[in-house]
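Residue strings, one per chain:
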Amino acid sequence: MGELIIRFLVGGAVVSLFAVMAEVVRPKSFAGVFGAAPSIALATIGITIAHHGRLYASTEAHSMIFGVIAFFLYASASSWLLMHRKCAALTATSALLPIWFGASLALLYLVDKTR
């Protein structure tokens, strides 16, 4: 229960900090980069270091990086499909979910193979 309270307080503080940064950044369309995801990731890494140590947190951080790369591929494919094929957003994003999962698994496989 104590970890949840700490996560709530640290996460809330970091989200608030990123929200302030988002208000300062121009153009406003770029401000979404400073949304909740980076702040929650930073809070989670900090708590992970405190509870499990740096080595475990390093593994978690690598997993986050792989997830971001996979999400970028998914978002890029979704964006391309929406702009060039003019299909419905729900259809495009649902149909391309295997790209996200496939890229995540491929990155995990490549990293595990090199170790």
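Refer to the structure printed above.
Residues numbered from 1 in each chain as written. Predicted model: local features only at pLDDT ≥ 70, side-chain atom pairs only at ≥ 80, totals over all residues. Heavy atoms only, no water.

Student: Explain the overall build of the chain here, please?
Tutor: Within the chain, the secondary structure is distributed over five helices and zero strands. What you see in the chain, going N to C, is helices and strands ordered as α-α-α-α-α. Buried positions account for 21% of the 115 residues belonging to the chain. Residue pairs at least 24 apart in sequence account for 41% of intrachain contacts in the chain once pairs closer than 6 positions are excluded. Surface summary for the chain: the accessible area is close to 8200 Å², and the carbon and sulfur share equals 75%. (Helix = DSSP H or I, 4+ residues; strand = E, 2+ residues; numbered from the N terminus. Buried < 20%, exposed > 50% of the residue type's maximum accessible area, 1.4 Å probe, protein only. Contact = heavy atoms within 4.5 Å. Areas by Shrake-Rupley, 256 points an atom, 1.4 Å probe, with all protein chains shown as cover.)

Student: Looking at this structure, how should I read a nonpolar patch on the surface?
Tutor: A cluster of nonpolar side chains, contributed by I65, I69, F72, L73 and I99, occupies part of the molecular surface with about 440 Å² of accessible area. With four residues, the top contributor of residues to the nonpolar patch is helix 3 (residues 54-85). Mapped onto the fold, I69 is located in helix 3. (Patch = residues over 30% accessible without salt bridge, like charges linked within 9 Å, V, L, I, M, F, W, Y side chains within 5 Å. Salt bridge = Lys/Arg side-chain N within 4 Å of Asp/Glu carboxyl O.)

Student: So what exactly am I meant to see when it comes to helix 5 (residues 97-114) here?
Tutor: Residues three or four positions apart in an α-helix share a direction because the helix packs 3.6 residues into each turn. Between its terminal C-alpha atoms helix 5 stretches 26 Å, which fits the 26 Å expected from 18 residues at 1.5 Å a residue. Residues A103, L107 and V111 constitute the buried set of helix 5. All buried residues of helix 5 lie within an arc of 60° about the axis, which places them on one face of the element. Looking at helix 5, the residues exposed on the side facing more than 90 degrees away from the buried face are P98, F101, L105, Y109 and K113. (Expected span 1.5 Å × (residues − 1). Arc of directions from axis to C-beta.)

Student: Sorry if this is basic, but what is going on with the side chain of S78 here?
Tutor: Mapped onto the secondary structure, S78 falls in helix 3. Accessibility expressed as a relative area gives 5% for S78, which makes it buried. Each residue touching S78, except ones within four places of it in the same chain, is listed here: A92, T93 and L96.

Student: Can you help me understand the packing of helix 3 against helix 5 in this one?
Tutor: In a packed pair of helices, the relevant descriptors are the angle between the two axes and the axis-to-axis distance. Closest axis-to-axis distance for the helix 3/helix 5 pair is 8 Å, and the angle between their directions is 150°. Read as a crossing pair, helix 3 and helix 5 show a hand that is right-handed. Along its contact with helix 3, which presents F66, G67, I69, A70, F71, L73, Y74 and A77, the element helix 5 presents L97, I99, W100, A103, S104, L107 and V111. (Axes fitted to C-alpha atoms, helices over the stretch in contact; angles between N-to-C directions. Left-handed = near helix turned anticlockwise from the far one by under 90°.)

Student: Would you explain unusual backbone geometry in this entry?
Tutor: Among all residues save glycine, negative phi is the norm, and among peptide bonds the norm is trans. With a phi close to 50°, K86 is a non-glycine residue in the positive phi region. Following the sequence through the fold, K86 ends up in the loop between helix 3 and helix 4 (89-95).

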